[in-house]
Amino acid sequence: MEYNRLIDSTLLAPDATKEQIEALCNEAKKEHFASVCINPCFIPTAKEILGGSDVKVCTVIGFPLGAMTTESKVFEAADAVRKGADEVDMVINVSALKDRNDTYVESEIREIKKACEGKLLKVIIECCLLSDEEKVRACLLAKKAGADFVKTSTGFSKWGAKIEDVSLMRKTVGEKMGVKAAGGIRDRQTMLSMVQAGATRIGTSHGKKLMED
């Protein structure tokens, strides 16, 4: 397996500089990672560096809390795609899920998927804030709404990816939908464990280290 093609090389820090984003993109090109995952303001920079390469530009929407209005998330997604994003990682409205407002959660995902105009959509469910029942419900709503992936974590909450969550998510969505493990994946053994549990994409800020281990 080409593990490098599973990696979304990630830099979402609020104090990330353009120079750091450029370095991330150049490293991703060299390692042939699946994508770089960056904040929306850096999409043009990443697109310029990665143009013509096999590395996609991934960005985040409603990040990191997911508590924005649907309208603002839809605008953000559409704007990101117009500026060149190839993949979009959105955060669900966790409050709506916990209130069992499943119609709202599903409708929001569906509207953002439409705004992505055929680009890949990953839905961050933020497992550390959810019960197992809520994780299952979130995954099923994302699948029903037409998302391409479900994703464990933003990496900005209580904790990141856990093997048992990846396994539960894979069992819930079946074999055809993607599962992205993100948050706290800092070594190759952890990555391999996530893949064995069912992850088909790995979000990490330690991509080069994972390849060197």
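Residues numbered from 1 in each chain as written. Predicted model: local features only at pLDDT ≥ 70, side-chain atom pairs only at ≥ 80, totals over all residues. Heavy atoms only, no water.

Enquirer: Report on unusual backbone geometry, specifying residues and quantitative values.
Expert: Following phenylalanine 63, the chain continues into proline 64 via a peptide bond in cis, with omega recorded as 0°. Counting through the fold element by element, proline 64 comes out in the loop between strand S3 (56–61) and helix H3 (70–83). For arginine 100, which is not glycine, the phi dihedral falls at a positive 60°. With respect to the secondary-structure elements, arginine 100 resides in the loop between helix H4 (94–98) and helix H5 (102–115). Here arginine 100 falls in the exposed class, since its relative accessible area comes to 52%. (Helix = DSSP H or I, 4+ residues; strand = E, 2+ residues; numbered from the N terminus. Buried < 20%, exposed > 50% of the residue type's maximum accessible area, 1.4 Å probe, protein only.)

Enquirer: Can you lay out the packing of aromatic side chains for me, pointing to particular residues and giving the numbers?
Expert: All chains considered together, the criterion is met by one aromatic pair. Ring geometry for phenylalanine 63 and phenylalanine 156: centres 5.3 Å apart, planes at 80°, overall edge-to-face. Note that phenylalanine 63 is positioned in the loop between S3 and H3 and phenylalanine 156 in the loop between strand S6 (149–151) and helix H7 (163–173), a separation of 93 residues in sequence. Judged by relative accessible area, which is 16%, phenylalanine 63 ranks as buried. Directly above the ring of tryptophan 159 sits lysine 162, whose terminal nitrogen or CZ lies 4.3 Å from the centroid. (Phe/Tyr/Trp six-rings, centres within 6.5 Å; stacked < 30°, edge-to-face > 60°. Lys NZ or Arg CZ within 6 Å of the ring centre and 35° of its normal.)

Enquirer: Could you give an account of the packing of H3 against H5, with specific residues and numbers?
Expert: The N-to-C vectors of H3 and H5 enclose an angle of 25°; their axes lie 8 Å apart at closest approach. Our classification of the angle between H3 and H5 gives roughly parallel. Seen from above, H3 lies across H5 with right-handed handedness. Contacts from Thr70, Lys73, Val74, Ala77, Ala78 and Val81 of H3 reach H5 at Tyr104, Glu108, Glu111, Ile112 and Ala115. Taken together, the residues that form the contact of H3 with H5 break down as seven nonpolar, one polar and three charged. (Axes fitted to C-alpha atoms, helices over the stretch in contact; angles between N-to-C directions. Parallel < 35°, antiparallel > 145°, perpendicular 65-115°, else oblique. Left-handed = near helix turned anticlockwise from the far one by under 90°. Contact = heavy atoms within 4.5 Å. Nonpolar A, V, L, I, M, F, W, Y, C, P; charged D, E, K, R; others polar.)

Enquirer: Go over the nonpolar core with me, naming the residues and quoting the values.
Expert: Soluble, globular proteins show a tendency: their nonpolar side chains are buried together. Grouped together as the largest cluster of nonpolar side chains are 61 residues, with contacts concentrated most on Val36, Ile92, Ile109, Leu121, Val123, Ile125 and Ile202. Excluding anything up to four places from it in sequence, isoleucine 125 contacts Ile92, Val94, Leu130, Lys135, Ala138, Cys139, Lys151, Thr152 and Met169. Counting seven residues, the second largest nonpolar core, distinct from the first, contains Leu12, Cys37, Val91 and Ile124. (Core = buried A, V, L, I, M, F, W, Y, C linked by side-chain atoms within 4.5 Å.)

Enquirer: Give a description of the environment of aspartate 89 that names residues and reports values.
Expert: Position of aspartate 89 among the secondary structure elements: in strand S4 (residues 87–91). For aspartate 89, a relative accessible area of 0% corresponds to the buried category. Taking C-alpha positions, aspartate 89 is 8.2 Å from lysine 151, a pair spaced 62 residues apart along the chain. Contacts of aspartate 89, omitting those with residues within four sequence positions, involve Cys37, Cys58, Thr59, Val60, Ile61, Lys122, Ile124, Lys151 and Lys180.

Enquirer: Describe the sheet that holds strand S7 (residues 178–182), and please don't skip the residues or the numbers.
Expert: Strand order in this closed barrel of eight strands is S1-S2-S3-S4-S5-S6-S7-S8, and the pairing throughout is parallel. Neighbour to neighbour, the strand axes of the sheet diverge by 25° on average, direction disregarded. Pairing analysis gives three bridges linking S6 to S7, with the strands arranged parallel. Among the inter-strand pairings, valine 150 is bridged to a residue of S7, identified as valine 179. Docked against the sheet, helix H2 (residues 43–50) engages strand S2 (35–38) and S3, running at close to 170° with respect to S3. (Pairing = 2+ DSSP bridges.)

Enquirer: An account of the packing of helix H1 (residues 18–31) against H2 is requested, with residue identities and associated values reported.
Expert: Where H1 contacts H2, the axes come no closer than 10 Å and their chain directions differ by 35°. As for the relative orientation of H1 and H2, their crossing is right-handed in sense. On the side of H1, the interface is formed by Lys18, Ile21, Glu22, Cys25, Asn26 and Lys29, while H2 contributes Thr45, Ala46, Ile49 and Leu50. Of the residues contributing to the contact of H1 with H2, the split by class is five nonpolar, two polar and three charged.

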